[in-house]
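Take a look at the letters that make up each chain.
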Amino acid sequence: MNRKIPFQKIFWIGLMLFSMFFGAGNLIFAPFLGVQAAGNTPLALFGFLCTSVVVPILAIVILAKFKDGRSMLETISKPLAIVFMSLVYLLIGPCIAIPRTATTSFEMFEWLIAPTALNRMLFALVFFATSFFVALHPNKLKDVLGKVMSPILLVLVGVVCVGSLVQPDAVSQIVVHYDQNPFGTGFVEGYQTMDILAAFCFGSIMVMNIKNEGVEHKKAIHAVLVRAAIIAGVLLAGVYSLLAFSGMLRSETLLAATNGAQVLSMLAEQLFGGFGQVINALIFLIACFNVCTGLLSCVSEYFHELVPRWSYRTWLIVFTVAGIVVSCFGLDAILSLSAPILNFLCPVAILFLVYGIFKKSDSQA
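Residues numbered from 1 in each chain as written. Predicted model: local features only at pLDDT ≥ 70, side-chain atom pairs only at ≥ 80, totals over all residues. Heavy atoms only, no water.

**Q** An account of the overall build of the chain is needed here, citing residue identities and associated values.
**A** For the chain, the helix and strand inventory stands at 17 helices and zero strands. By the compact-globule yardstick of 21 Å for 365 residues, the chain fits well, its C-alpha radius of gyration being 20 Å. Once the C-alpha set of the chain is aligned to its principal axes, its extents read approximately 55 × 45 × 40 Å. By the burial criterion, 57% of the 365 residues in the chain qualify as buried. Excluding contacts between residues fewer than 6 apart, the proportion of contacts in the chain whose partners are at least 24 apart in sequence is 84%. On the chain, roughly 14100 Å² of surface is accessible, and the fraction owed to carbon and sulfur atoms is 69%. Averaging the coordinates of the 21 positive side-chain charges in the chain and doing the same for the 17 negative ones gives two points 16 Å apart. (Helix = DSSP H or I, 4+ residues; strand = E, 2+ residues; numbered from the N terminus. Rg over C-alpha atoms; globule rule 2.2 N^0.38 Å. Buried < 20%, exposed > 50% of the residue type's maximum accessible area, 1.4 Å probe, protein only. Contact = heavy atoms within 4.5 Å. Areas by Shrake-Rupley, 256 points an atom, 1.4 Å probe, with all protein chains shown as cover. Lys, Arg positive; Asp, Glu negative; His and termini not counted. Charge placed at Lys NZ, Arg CZ, Asp CG, Glu CD.)

Structure (structure tokens):
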């Protein structure tokens, strides 16, 4: 069976990819950039979009002809492929990105739930248990993340951003590190979304969902994946821009915030009062849930292929439990750990992508 997928279904696959990219880091960094860059937001945002949208989407397109990052790196060296990809999967998995989804969404409920160690643990248990059950069926992620969760998320983000755009306040002075080189600062800040590394890992899940629609031929799969990636990229760029300019237009009143989570929380409260906290909490919960579910699926699938004697379900349990444990250390600890590692790994990943542009693939998806 190798039928043509209608555009509507490609759109849902694109929304699924968007939802897998757009999570905790994506929500945190764009509005914070707008607050700190203030009048330099357009330049800073351009740099940010280069590493948070352009490179990840190009990575999806480049890696599509190899199936995924591991398949491409194996054309250089199999040991290199295993070491690099295992490190990437661990970073976007249990070490940083997966626990970051729970800690970020928990912080958005601190107006409702006291931030005690016990409450943090209980929240993580419920959050990860729900993600676990959805991730048990990775070939159905398009239906859950693409058709249901992503549209709700886009509507909620749109409500906050449009509110900020139609009710601007005052633009603050530019924060020092965005004064001299706003493009370069935004460029490096885009690493924090981890999307460059995530792009190396999403291929297998994307291909699985495309094949689930009855497409088996390599060229047909590649064509669908490219179109879905473009849809995801347009959505990411649009949402990032709205978030960044929303932060910029009210930056004078948001300068007290120390991270993007606080920016969005303060922004929603300024615009909608107490109800803004509910909107903001739902935005973070849905975005973080989408990414957590997608990452759990990708990481478990990868390590199942690497060590097949452990089933996909077993690996899923391992990484779910690991995510719960690490998330209890809190958001600030996770962010402080991630920055130096990502500043090293992301440029290396970009070099591998340059190699992939010129390397012809003998394998198939």
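Following the structure, the description resumes.
**Q** An account of the packing of helix H6 (residues 97-107) against helix H15 (residues 274-306) is needed here, citing residue identities and associated values.
**A** Following both chains from N to C, one finds H6 and H15 inclined at 165°, their axes separated by 9 Å at the closest point. One element, H6, and the other, H15, form an angle in the roughly antiparallel class. Of the two possible hands of crossing, H6 and H15 adopt the one that is left-handed. Facing H6, whose interface residues are Ala-97, Ile-98, Thr-101, Thr-104 and Ser-105, H15 presents Phe-284, Leu-285, Cys-288, Val-291, Cys-292, Leu-295 and Leu-296. Taken together, the residues of the contact of H6 with H15 sort by class into nine nonpolar, three polar and no charged. (Axes fitted to C-alpha atoms, helices over the stretch in contact; angles between N-to-C directions. Parallel < 35°, antiparallel > 145°, perpendicular 65-115°, else oblique. Left-handed = near helix turned anticlockwise from the far one by under 90°. Nonpolar A, V, L, I, M, F, W, Y, C, P; charged D, E, K, R; others polar.)

**Q** Provide a residue-level description of the side chain of Thr-104, including the pertinent values.
**A** Examined against the element boundaries, Thr-104 turns out to sit in helix H6. A distance of 2.8 Å separates a polar atom in the side chain of Thr-104 from the backbone oxygen of Arg-100. (Polar contact = N/O pair within 3.5 Å; in protein donor to acceptor, adjacent residues only side chain to side chain.)

**Q** I'd like to hear about the nonpolar core, residue by residue, with values.
**A** Core analysis: the biggest nonpolar cluster contains 125 residues, and Phe-22, Ile-92, Phe-200 and Phe-202 have the highest contact counts within it. Not counting residues up to four positions away in its chain, the partners in contact with Phe-202 are Leu-17, Met-20, Phe-21, Ile-60, Leu-295 and Cys-298. (Core = buried A, V, L, I, M, F, W, Y, C linked by side-chain atoms within 4.5 Å.)

**Q** I'd like a description of the state of the cysteines, backed by residues and values.
**A** The full count for this structure, using the stated rule, is zero disulfides. Between Cys-50, a cysteine without a disulfide, and Cys-346, which holds the nearest cysteine sulfur, the sulfur-to-sulfur distance is 14 Å. The thiol sulfur of Cys-201 is not disulfide-bonded, and the nearest other cysteine sulfur, from Cys-298, lies at 6.8 Å. (Disulfide = S-S within 2.5 Å.)

**Q** Talk me through the environment of Met-85; I want residue IDs and the actual numbers.
**A** Here Met-85 is to be found in helix H5 (residues 78-95). As for Met-85 and Leu-264, which are separated by 179 residues in sequence, their C-alpha atoms are 33 Å apart. Aside from chain neighbours lying at most four places away, what touches Met-85 is Gly-69, Arg-70, Leu-73, Leu-80, Phe-200, Cys-201 and Tyr-302.

**Q** I'd love a proper account of the pattern of salt bridges, names of residues and values included.
**A** Scanning the entire structure with this criterion turns up three salt bridges. As a salt-bridge pair, Lys-9 and Glu-213 come within 3.2 Å of each other at their nearest N and O atoms. Residue Lys-9 is found in helix H1 (residues 7-21), and its partner Glu-213 is found in the loop between helix H11 (203-211) and helix H12 (218-249); the two are separated by 204 residues along the sequence. Assessed through its relative accessible area of 27%, Lys-9 is described here as partly exposed. Given the relative accessible area of 7%, Glu-213 is considered buried. Ionic pairing is found between Arg-70 and Glu-74, a salt bridge with its closest N-O pair at 3.2 Å. (Salt bridge = Lys/Arg side-chain N within 4 Å of Asp/Glu carboxyl O.)

**Q** Outline the packing of aromatic side chains, supporting the account with residue identities and numerical values.
**A** Pairs of aromatic rings are described using the distance from one ring centre to the other and the angle between the two planes. Per the stated rule, a full pass over the model turns up 23 aromatic pairs. Measuring from centroid to centroid gives 6.5 Å for Tyr-89 and Phe-303, while their planes differ by 75°, and the two rings are edge-to-face. A residue pair is termed long-range when its members are at least 10 positions apart, and Tyr-89 in helix H5 and Phe-303 in helix H15 qualify at 214 residues. This pair shows no difference in class: Tyr-89 is buried, exactly as Phe-303 is. A centroid spacing of 5.3 Å and a plane angle of 75° characterise the contact between Phe-132 and Phe-133, whose relative ring orientation is edge-to-face. A relative accessible area of 10% places Phe-132 in the buried class. (Phe/Tyr/Trp six-rings, centres within 6.5 Å; stacked < 30°, edge-to-face > 60°.)

**Q** Hey, could you go over unusual backbone geometry for me, with residue numbers and the actual values?
**A** Phi is positive for Ala-38, which is not a glycine, with a value near 50°. Here Ala-38 lies in the loop between helix H2 (24-37) and helix H3 (41-64). Exposure remark for Ala-38: the relative accessible area of 0% places this residue in the buried category. In this model, Met-194 sits at a positive phi of 65°, which is unusual for a non-glycine residue.

In short, geometric facts, not functional conclusions.
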